[in-house]
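If you want the building blocks of each chain, they are given just below.
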There are 2 protein chains.
Amino acid sequence: MPETDNTEARILEAAKQVFYRKGLDGARMQEIADEAGINKAMLHYYFRTKEKLFDKIFLEALGKILPKIATTLGSDAPLAEKFDVISGYYHDLLLSTPYLPVFVVQTLQHNPDRLLQFIITQSGINPAETFGKFLMQIQQEVALGNIRPIDPRHLVLNLISMCVFPFMMRPMFIRIIGMKDEAFEAFVNERRHLVPQLIMQSIQPDQPPPD
Amino acid sequence: MPETDNTEARILEAAKQVFYRKGLDGARMQEIADEAGINKAMLHYYFRTKEKLFDKIFLEALGKILPKIATTLGSDAPLAEKFDVISGYYHDLLLSTPYLPVFVVQTLQHNPDRLLQFIITQSGINPAETFGKFLMQIQQEVALGNIRPIDPRHLVLNLISMCVFPFMMRPMFIRIIGMKDEAFEAFVNERRHLVPQLIMQSIQPDQPPPD
DNA sequence: GTCTATATGTTGATAGAC
DNA sequence: GTCTATCAACATATAGAC
């Protein structure tokens, strides 16, 4: 079945499956070809080298996790809504793509320079600017007495940590606790709202503000 | 220099460096030999295969992260002290061994069965038992009105997430924020006490208990 | 125990027919 | 565009001298 465009899409989907689970070093071109139901030579016909195919997959992966947090933090929404949006987004994403976070961190541990590649091509996002806007929002809320003073870097890192890390621990977690897959998914769905609540609670001032 | 015992130790140290950074698939026996300052054939003389050498390193890595949390949670110490101990332990560990957590999660994502190997040999720890003891402590504190009702699984996962995840994000984090290594280490050292404080705060009851 | 040289298998990549 | 057959490079592992 000579289907030009469809074949490329099937290769990309197969490569995603294999690369996400095994990483660049562990993945085999033969396995990707099998998963795509085509021949190994086709992979090189469409993407020349394993590295080029991998780059496509990895840059797409970064595109799923980096821009969302930047745009959300830089928006005009109230703090509580931002935390809800971010938590909901990552829980949805990682319930459907569980291997994504380990794939990304392992790739960047092996070769941190791959990140630059993404930042250059995605010139749309400016970390310093969007984060600066979020910083101003924090300072305003502090000045109004709505929240206690806090380093926004810790705040964001706490939020992302509690959303993402459980999925990285999943293989270990379910085996130690003795949990089935469905139970784990119900468990992390509880966290979807629990985590932003905890974050909001952590920035409440000691005395409640006067009405 | 024919030094029997010393050579084995140097191989293990070199293997740790290379495996931690690149994982099983990315590591090369030649690179381990170079790092150890010996010949490639010596690796096989001491450890037969790459897999057997890797197992030694991986099981040691699990031994650094799993037993500590189990014994601490199962102890008789008060809750706040347990959180302090765990946070301090992981921050010390990961400041000196930054590649450890990604190494472990990537290994278990590639091959989850490796965990069983550890649990079988380390028959000393019983997750259900130690965790059950921690559960009872939580229930007692709830009954006394000292803390609000909470699922201890979420509680522990939140604690570990906020301690470990920042080190996994380190390569990405420092490049996006534009942070130097020393600044990052100062940053996570702030978290050493900040995280257990946040955890304790998250379980405080809505109304303070009567004196 | 330590080394050099080599065997053996695997993998990414290409050549060429259809 | 798609396939089969094959190449060339590399990596693990072993043989054998010292």
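Just so it is clear, the structure is predicted and the values come from calculations on it, not from any experiment. (Residues numbered from 1 in each chain as written. Chains lettered and ligands numbered in written order. Predicted model: local features only at pLDDT ≥ 70, side-chain atom pairs only at ≥ 80, totals over all residues. Heavy atoms only, no water.)

A. Structural view of the environment of R191 of chain B. Topologically, R191 of chain B is positioned in helix α10 (residues 181-202). Residue classification places R191 of chain B among the buried positions, given a relative accessible area of 0%. Considering only alpha carbons, one finds R191 of chain B and L24 of chain B, 167 residues apart in sequence, at a separation of 31 Å. Contact partners of R191 of chain B, with chain neighbours within four places excluded, come to H154, L157 and N158 of chain A together with S87, H91, M162, P166 and P196 of chain B. (Helix = DSSP H or I, 4+ residues; strand = E, 2+ residues; numbered from the N terminus. Buried < 20%, exposed > 50% of the residue type's maximum accessible area, 1.4 Å probe, protein only. Contact = heavy atoms within 4.5 Å.)

B. Just the interface of chain A and chain B, in detail. The interface of chain A with chain B comprises 47 residues on the first partner and 47 residues on the second. Summing the contributions of chain A and of chain B, the shared interface buries around 4,600 Å²; its carbon and sulfur component is 71%. On the chain A side of the contact with chain B, Q109, H154 and F165 of chain A bury the most area, a combined 15% of that side's loss. Linking chain A with chain B are 0 salt bridges. Run the count over chain A and chain B and you get 15 residue pairs in polar contact (both at pLDDT 80 or more). Elements with a minimum of two residues in the side of chain A that touches chain B: α1 (4-26), α4 (50-73), α6 (100-110), α9 (152-177) and α10 (181-202) of chain A. (Buried area = accessible area lost by both parts, 1.4 Å probe. Salt bridge = Lys/Arg side-chain N within 4 Å of Asp/Glu carboxyl O. Polar contact = N/O pair within 3.5 Å; in protein donor to acceptor, adjacent residues only side chain to side chain.)

C. Molecular detail of the relation of the copies chain A and chain B. The two copies are related by a screw operation: chain A maps onto chain B through 180 degrees of rotation and 0.0 Å of translation along the axis, at an RMSD of 0.0 Å. Between the two chains, the operation in question is that of a two-fold axis. When you check the interface residues of chain A against chain B, 100% turn up at the interface there too, and the contact is symmetric in its surfaces. (Least-squares fit on C-alpha atoms with pLDDT ≥ 70 in both.)

D. Highlighting the packing of helix α2 (residues 29-36) of chain B against helix α3 (residues 40-47) of chain B. Residue and element names in this part refer to chain B. One can describe the packing of α2 onto α3 by two numbers: an axis separation of 8 Å at closest approach and a directional angle of 95 degrees. The angle between α2 and α3 places the two elements in the roughly perpendicular class. Contact with α2, carried on its side by M29, Q30, I32 and A33, involves K40, L43 and H44 of α3 and no other residues of that element. For the contact of α2 with α3, a count of residues per class yields 4 nonpolar, 2 polar and 1 charged. (Axes fitted to C-alpha atoms, helices over the stretch in contact; angles between N-to-C directions. Parallel < 35°, antiparallel > 145°, perpendicular 65-115°, else oblique. Nonpolar A, V, L, I, M, F, W, Y, C, P; charged D, E, K, R; others polar.)

E. Expanded view of the nonpolar core. Within the largest apolar cluster, 128 residues are counted, with the highest numbers of intra-cluster contacts made by F19 and V104 of chain A together with F19 and V104 of chain B. Aside from chain neighbours lying at most four places away, what touches F19 of chain B is L24, A27, I32, K50, L53, F54, I57 and F103 of chain B. (Core = buried A, V, L, I, M, F, W, Y, C linked by side-chain atoms within 4.5 Å.)

F. How the structure looks around unusual backbone geometry. With a phi angle near 65 degrees, R48 of chain A is a residue other than glycine that sits in the positive phi range. Relative to the elements of secondary structure, R48 of chain A occurs in the loop between α3 (40-47) and α4.

G. Representation of helix α7 (residues 114-121) of chain B within the structure. Every buried residue belonging to α7 of chain B is among R114, L115 and F118 of chain B, and all of these are buried. Taken end-on, α7 of chain B shows its buried residues confined to a sector of 105 degrees, consistent with a single buried face. (Arc of directions from axis to C-beta.)

H. The domain arrangement of chain A, seen in detail. Residues and elements named next belong to chain A. When the domains of chain A are assigned, the result is domain 1 (1-48) and domain 2 (55-202). Computed over C-alpha atoms, the centres of domain 1 and domain 2 are 29 Å apart. If you look at the interface, domain 1 gives 11 residues, while domain 2 gives 12 residues. Of the roughly 910 Å² buried where domain 1 meets domain 2, counting both sides, 68% is carbon and sulfur surface. Sorting the residues of domain 1 by area buried against domain 2 places K16, Y20 and R21 first, and these three jointly supply 57% of that buried surface. Applying the counting criterion to the domain 1 and domain 2 interface returns 0 salt bridges. Linking domain 1 with domain 2 are 1 residue pair in polar contact (both at pLDDT 80 or more). A total of 10 residues in the side of domain 1 that touches domain 2 trace back to one element, the largest contributor, which is α1. Of the residues in the side of domain 1 that touches domain 2, the class split is 6 nonpolar, 1 polar and 4 charged. (Domains from an automatic or database assignment.)

I. Representation of the pattern of salt bridges. This structure, assessed with the given rule, holds 18 salt bridges over all chains. Taking the shortest distance from any N to any O, the salt bridge between R170 of chain A and D181 of chain A comes out at 3.6 Å. In this pair, R170 of chain A sits in helix α9 while D181 of chain A sits in helix α10, placing the two residues 11 residues apart along the sequence. Put simply, R153 of chain B and D151 of chain B hold a salt bridge, and the shortest N to O gap is 2.8 Å. With relative accessibility at 25%, the residue R153 of chain B sits in the partly exposed group. A single salt-bridge network, built from bridges that share partners, covers E51, D55 and R114 of chain A.

J. Quick look at the side chain of S87 of chain A. Residue and element names in this part refer to chain A. Among the structural elements, S87 can be located in helix α5 (residues 79-96). Given the relative accessible area of 0%, S87 is considered buried. With residues up to four places along the chain from it excluded, the contact list for S87 reads C163, R191, R192, V195 and P196.

K. Spatial organisation of the packing of helix α4 (residues 50-73) of chain B against helix α6 (residues 100-110) of chain B. Residue and element names in this part refer to chain B. With their axes 10 Å apart at the nearest point, α4 and α6 run at an angle of 115 degrees to one another. For the pair α4 and α6, the sense of crossing is left-handed. Every residue of α6 that contacts α4 at F54, I57, F58, A61, L62, K64 and I65 is listed here: L100, F103, V104, T107 and L108. Looking at side-chain class alone, the contact of α4 with α6 contains 10 nonpolar, 1 polar and 1 charged residues. (Left-handed = near helix turned anticlockwise from the far one by under 90°.)

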